[in-house]
Amino acid sequence: METIRIIDAKDHVDQEVKIGVWLTDKRSSGKIAFLQLRDGTGFFQGVVVKSDVAEEVFELAKKLRQETSFYVTGVIHQDDRSHFGYEIEVSAIEVLGESEDFPITPKEHGIEFLLDHRHLWLRSRRPFAIMKIRNEIIDASYRFFKQEGFIKMDPPILTGTAPEGTTELFETDYFDNPAYLSQSGQLYMEAGAMAFGKVFSFGPTFRAEKSKTRRHLTEFWMIEPEMAFMHQEESLQVQERYVSYLVQSVLDNCQYELKLIDRDPEILEKYTHLPYPRISYDEAIELCQEGGFDIKWGDDFGSPEETYISDQFEQPVFVLDYPKQIKPFYMKEAQDRDNVYVCADLLAPEGYGEIIGGSERAVDYNQMKAEMEKEGMNLEDYDWYLDLRRYGSVPHSGFGMGLERAITWICHLDHLREAIPFPRMINRLKP
Ligand code: 4AD
Ligand code: MG
């Protein structure tokens, strides 16, 4: 007899198999017990018919408690009434680990309670589906960038500098000197692009911002591609191909998971169509003003404005060319306007707002140095970065996509905290 996993049930119809499982729920009458089972690959039902099994097996089945682990043996049958399509007719049960008073019961729980029990909550259907989709997006990212000729390069996490401004840094003691947890790998990826042409990073980044919005984590995962000999236009095309590829991959490989979280695949299908619309920052400001927002040229968009802008479009939308005062020093100045950068944010539809930030990078040594001095940056800390403009500087562009932002949108979640296994927020470091 073969030991299989639930996901492979379809290949074993009418065969007797053994599966390692946990019990999620149970219903029983005098004659039959329905065991809801999960094994990490899927959820399905075990049926124990009293008249078909030994007396002890039926008694044991009736006594099993939520999250008890056991080996179940039985024959796989087709079950057209369930999402999953198969069930197991149980003949034997071998208990491995007892479980008493599992805190997360089938009744409704508040979000704080669930987050306090995240280590156990991960076992439930909804987190299961979201984490599987997260996994698909991670996998698809590696596939995409490999196909497009990128190599993965890992920037350091302990750093001495702050690419995205100094107010959002986690400081730590590094042998009596300050070090900071990386808030972006970009500057290192620029070094990588000059060495390997097209590189991407995929790793944790940290922001100590005191934002309590549904879009902010203090620790999140970012994908940061950087491309040498590439201008912004081509970079925008990489970005939309990438996002469309992610959505298509979820549609191709996560239909079961989408069903578990009630996400309509037809809505997602629209996001695979290219190109994505583009508007300028100037147009976006006008749009917000017409929508009744108190905002003027030069202001940054907050979450409500981003939600409003993205709500006006059926697809992700690029907002181009932001004022210099609200973007970082490393961006390239527009040719015809000295007050804006050649940059873009990609805002996700359905009100989700920014999922990607990117730009063409400044290439001129003197101009960059002047910009850094103006910002009051310590040039000594960045001499290595300036070297990239000293030795064979080339046009280059890059962007960063927040993994959890993309997941939250693709899964249609309310808050980023459900898009990462163990969220880190201002008031949450446990579990
Ligand atoms: O717009 P950001 O700050 O851009 C950068 O860090 C650039 N260095 C990227 C680059 O060009 N290589 O961040 C990029 C993305 C945002 O669009 C957003 O998706 C995500 O990172 N992000 C966050 N995600 C979760 N929590 C936060 N606090 C985030 N801050 C940014
Ligand atoms: Mg940004």
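Residues numbered from 1 in each chain as written. Chains lettered and ligands numbered in written order. Predicted model: local features only at pLDDT ≥ 70, side-chain atom pairs only at ≥ 80, totals over all residues. Heavy atoms only, no water.

Per an unreviewed UniProt entry, the protein chain goes by Asparagine--tRNA ligase and derives from Bombilactobacillus folatiphilus. According to the UniProt record, the Sequence similarities (unreviewed entry) comment for the protein chain is "Belongs to the class-II aminoacyl-tRNA synthetase family." (UniProt positions renumbered as here; feature names shortened; annotations may be inferred.)

Caption draft 1: Expanded view of the nonpolar core. Counting 46 residues, the largest nonpolar core has Ile133, Ile137, Phe145, Ile223, Tyr242 and Trp409 as the members making the most contacts within it. Setting aside anything within four residues of it in sequence, one finds Tyr242 in contact with Ser141, Phe144, Phe145, Ile223, Phe399 and Met401. Counting residues in hydrophobic clusters, the runner-up holds 28 residues, among them Ala9, Ala33, Phe44 and Ile88. (Core = buried A, V, L, I, M, F, W, Y, C linked by side-chain atoms within 4.5 Å. Buried < 20%, exposed > 50% of the residue type's maximum accessible area, 1.4 Å probe, protein only. Contact = heavy atoms within 4.5 Å.)

Caption draft 2: Local environment of the sheet that holds strand β12 (residues 219-228). Spatial ordering of the open sheet is given by β7-β11-β12-β17-β16-β15-β14-β13, a layout of eight strands whose pairing is mixed. A strand with exactly one partner marks an edge of an open sheet, and here the two such strands are β7 (151-152) and β13 (278-280). Of the strand pairs in this sheet, strand β11 (residues 198-206) and β12 are connected by nine bridges, and their pairing is antiparallel. Bridge pairing in β12 links Pro204 to Trp221. On the sheet, helix α5 (residues 186-196) packs against β7, β11, β12 and β17 (396-402) and is oriented at approximately 30 degrees with respect to β12. (Pairing = 2+ DSSP bridges. Helix = DSSP H or I, 4+ residues; strand = E, 2+ residues; numbered from the N terminus. Axes fitted to C-alpha atoms, helices over the stretch in contact; angles between N-to-C directions.)

Caption draft 3: Inspection of helix α11 (residues 365-374) at higher detail. Among all positions of α11, only Met368, Glu371 and Met372 are buried. The buried residues of α11 occupy an angular sector of 95 degrees when projected down its axis, which confines them to one face. Along α11, exposed side chains directed more than 90 degrees from the buried face belong to Asn366 and Lys374. Buried residues along α11 sit in contact with α12 (383-390). (Arc of directions from axis to C-beta.)

Caption draft 4: Broad picture of the packing of aromatic side chains. Under the criterion given, the structure shown has 26 aromatic pairs. With a centroid separation of 6.0 Å and an interplanar angle of 75 degrees, the aromatic rings of Phe84 and Tyr86 are classed as edge-to-face. By relative accessible area, which is 16% here, Phe84 ends up buried. Aromatic side chains Tyr188 and Trp384 sit 4.6 Å apart centroid to centroid with 20 degrees between the ring planes, which places their arrangement in the stacked category. Here Tyr188, found in helix α5, pairs with Trp384, found in helix α12; they are 196 residues apart in sequence, far enough to count as distant. Judged by relative accessible area, Trp384 falls into the partly exposed class, the value being 24%. Among the aromatic side chains, those forming a connected cluster through ring pairs are Tyr142, Phe144, Phe145, Phe150, Phe200, Phe202, Trp221, Tyr242, Tyr245 and Phe399. When the ring centre of Tyr322 is taken as reference, the NZ or CZ atom of Lys327 above it lies at 4.3 Å. Sitting above the plane of the Tyr385 ring, Arg389 keeps its charged end 4.6 Å from the centroid. (Phe/Tyr/Trp six-rings, centres within 6.5 Å; stacked < 30°, edge-to-face > 60°. Lys NZ or Arg CZ within 6 Å of the ring centre and 35° of its normal.)

Caption draft 5: Focus on the domain arrangement of the protein chain. Segmentation of the protein chain into domains returns domain 1 (2-97) and domain 2 (118-419). Once you take the C-alpha centre of each, domain 1 and domain 2 turn out to be 45 Å apart. Between domain 1 and domain 2, the residue contacts involve 11 residues of the former and eight residues of the latter. Roughly 840 Å² of surface becomes buried between domain 1 and domain 2 when both sides are summed, with 59% attributable to carbon and sulfur atoms. Among the residues of domain 1 in contact with domain 2, Arg38, Phe43 and His83 are the three that bury the most area, contributing 61% of the side total. Across the domain 1-domain 2 interface, the total number found is one salt bridge. For Glu67, the salt bridge identified is with Arg123, shortest N-O distance 2.8 Å. Linking domain 1 with domain 2 are two residue pairs in polar contact (both at pLDDT 80 or more). Listing elements by their share of the side of domain 1 that touches domain 2, those giving two or more residues are β2 (16-28) and β3 (32-38). Of the residues contributing to the side of domain 1 that touches domain 2, the split by class is three nonpolar, six polar and two charged. (Domains from an automatic or database assignment. Buried area = accessible area lost by both parts, 1.4 Å probe. Salt bridge = Lys/Arg side-chain N within 4 Å of Asp/Glu carboxyl O. Polar contact = N/O pair within 3.5 Å; in protein donor to acceptor, adjacent residues only side chain to side chain. Nonpolar A, V, L, I, M, F, W, Y, C, P; charged D, E, K, R; others polar.)

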